[in-house]
Amino acid sequence: MYTYRIIREDFQTGKQGKRRRTITRRHPLTVGGLYTHLGSGFSGCWRVLELLEVLE
């Protein structure tokens, strides 16, 4: 399990939101990558800021 810190980002302007959130995934994401629709509660575009924890 991978735990990441993410932030919402406007795709067209690149402006980032103020609130950072954490998300847990089974598969790795790219730090710095921009993802869309990461699941329930995470619609829109999200930028991965950092990898917080890896559990095996």
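Right above here is the structure, for reference.
Residues numbered from 1 in each chain as written. Predicted model: local features only at pLDDT ≥ 70, side-chain atom pairs only at ≥ 80, totals over all residues. Heavy atoms only, no water.

## Here's the deal with the environment of I7
Reasoning step 1: Looking at where I7 falls in the secondary structure, it is placed in strand β1 (residues 2-9).
Reasoning step 2: When near neighbours in sequence (up to four residues on either side) are disregarded, I7 contacts Q16, G17, R19, R20, C45, W46, R47 and L49. (Helix = DSSP H or I, 4+ residues; strand = E, 2+ residues; numbered from the N terminus. Contact = heavy atoms within 4.5 Å.)

## Describing the sheet that holds strand β3 (residues 34-36)
Reasoning step 1: The antiparallel open sheet is built from 4 strands, whose spatial order is β2-β1-β4-β3. For this open sheet the edge positions go to β2 (16-25) and β3, each flanked by a neighbour on one side alone. Taken over all neighbouring pairs, the strand axes of this sheet differ in orientation by 40° on average, direction set aside.
Reasoning step 2: The pairing of β1 with β2 spans 7 bridges and is classified as antiparallel. Among the inter-strand pairings, I6 is bridged to a residue of β2, identified as R21. (Pairing = 2+ DSSP bridges. Axes fitted to C-alpha atoms, helices over the stretch in contact; angles between N-to-C directions.)

## Re the pairing of strand β4 (residues 45-54)
Reasoning step 1: Note: β1 against β4, 7 bridges, orientation antiparallel. By the bridge assignment, Y4 is partnered in β4 with L51.
Reasoning step 2: Direction of pairing for β3 relative to β4: antiparallel, over a ladder of 3 bridges. Note that in β4 the partner of T36 across the bridge is C45.

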